[in-house]
Amino acid sequence: QIENRSDIMGNQQPTPSKFEPCREKMEAAEISQSAISAFESTFKSLVAGETGIIPESTITPVPELVSSASITGKPDASLLQKTVVLKLNGGLGTGMGLDKAKSLLVVKDGETFLDLTAKQVIKMRETYGFKVKFMLMNSFSTSADTLEYLGKKYP
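Everything in this summary refers to the structure shown in the same document. The structure displayed is predicted, hence computed values, not measured ones.

**Notes on the overall build of the protein chain**
Counting its regular elements, the protein chain contains 5 helices and 6 strands. Ordered by position from the N terminus, the helices and strands of the protein chain form the series β-β-α-α-β-α-β-β-α-β-α. Taking all 155 residues of the protein chain together, 21% fall into the buried category. The contacts of the protein chain with a sequence gap of at least 6 include a subset with a gap of at least 24, amounting to 50%.

The structure is reproduced here in structure tokens:
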């Protein structure tokens, strides 16, 4: 990749990317392209002087929260027909150097995070008799392995 830099006259001049040596080492070590891209993004933020820190002075508390005790009305399980269980399933694992979705890591008794979520949805369907929809928000690097896993385990 080439970055542009201004010369003394203010004209844009192409210069090799500061990240290029890192990319070359990572490619030589056969690091996945998604991990390289994630690292490059973080590298560029660092070089630009970004800290990634949100100053505490810019954080304000929510003005008011509704207490669950103040909610009236009867539960209506039929609303599950219109409900979608939506799970974020991609993003941070790549930056951690994983080559698959974090949800596919085994967490207990041979089951993955994805198994636990899928079983929750299945249990809701069985308990309430409605086909509760289940949607995963995958990244470019988690879609294929997640679909393969679900297809084998939950056809």
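**Some thoughts on the side chain of Thr146**
Take Thr146: it is sitting in helix α5 (residues 143–153). With relative accessibility at 0%, the residue Thr146 sits in the buried group. With sequence-adjacent residues up to four places away left out, Thr146 is seen in contact with Asn89, Ala101, Leu104, Leu114, Leu136 and Asn138.

**Re helix α1 (residues 20–28)**
Structurally, the α-helix is built with 3.6 residues per turn, so residues lying three or four positions apart point the same way. Among the residues of α1, those classed as buried are Glu20, Arg23 and Met26. Projected down its long axis, α1 shows its buried positions confined to an angular sector of 125°, all on one face. Turned more than 90 degrees away from the buried face of α1, the exposed residues are Lys25 and Ala28. Buried positions along α1 lie against α2 (33–47). Glu30 sits one or two residues past α1 and shows a positive phi near 60°.

**Topic: α5**
Along α5, the positions that sit buried rather than exposed are Asp145, Thr146 and Leu150. Angular distribution of buried residues about the axis of α5 spans 130°; they occupy a single face of the element. When the buried face of α5 is taken as reference, the exposed residues oriented beyond 90 degrees from it are Ala144, Leu147 and Lys152. Contact partners of the buried residues in α5: β3 (84–89), α4 (113–128) and β6 (133–138).

**Digging into unusual backbone geometry**
Most peptide bonds take the trans configuration, and most residues that are not glycine carry a negative phi. Positive phi, normally seen in glycine, also occurs at Glu30, with a value near 60°. With respect to the helices, strands and loops of the structure, Glu30 is situated in the loop between α1 and α2. For Asp109, which is not glycine, the phi dihedral falls at a positive 50°. On the secondary structure map, Asp109 appears in the loop between β4 (106–108) and β5 (111–112).

**Let's talk about the pattern of salt bridges**
The final tally for this structure, using the stated rule, is 6 salt bridges. In this structure, Asp115 and Lys153 form a salt bridge, with 3.3 Å as the shortest nitrogen-oxygen distance. Here Lys153 lies in helix α5 and Asp115 lies in helix α4, a separation of 38 residues in the sequence. Residues joined by salt bridges that share partners form a network here, namely Glu20, Arg23, Glu40 and Lys44.

**Side note on the packing of α1 against α2**
To characterise two packed helices, one gives the angle between the axes of the helices and the distance between these axes. Viewed as axis vectors pointing N to C, α1 and α2 meet at an angle of 155°, and their least axial separation amounts to 11 Å. As far as their axial angle goes, α2 and α1 are roughly antiparallel. When the axes of α1 and α2 are compared, the crossing they make is right-handed. Packed against α1, whose contacting residues are Cys22, Arg23, Met26 and Glu27, the element α2 presents Gln33, Ala35, Ile36, Phe39, Glu40 and Phe43 at the interface. A class-by-class count of the residues in the contact of α1 with α2 yields 6 nonpolar, 1 polar and 3 charged.

About the criteria used
Residues numbered from 1 in each chain as written. Predicted model: local features only at pLDDT ≥ 70, side-chain atom pairs only at ≥ 80, totals over all residues. Heavy atoms only, no water. Helix = DSSP H or I, 4+ residues; strand = E, 2+ residues; numbered from the N terminus. Buried < 20%, exposed > 50% of the residue type's maximum accessible area, 1.4 Å probe, protein only. Contact = heavy atoms within 4.5 Å. Arc of directions from axis to C-beta. Salt bridge = Lys/Arg side-chain N within 4 Å of Asp/Glu carboxyl O. Axes fitted to C-alpha atoms, helices over the stretch in contact; angles between N-to-C directions. Parallel < 35°, antiparallel > 145°, perpendicular 65-115°, else oblique. Left-handed = near helix turned anticlockwise from the far one by under 90°. Nonpolar A, V, L, I, M, F, W, Y, C, P; charged D, E, K, R; others polar.

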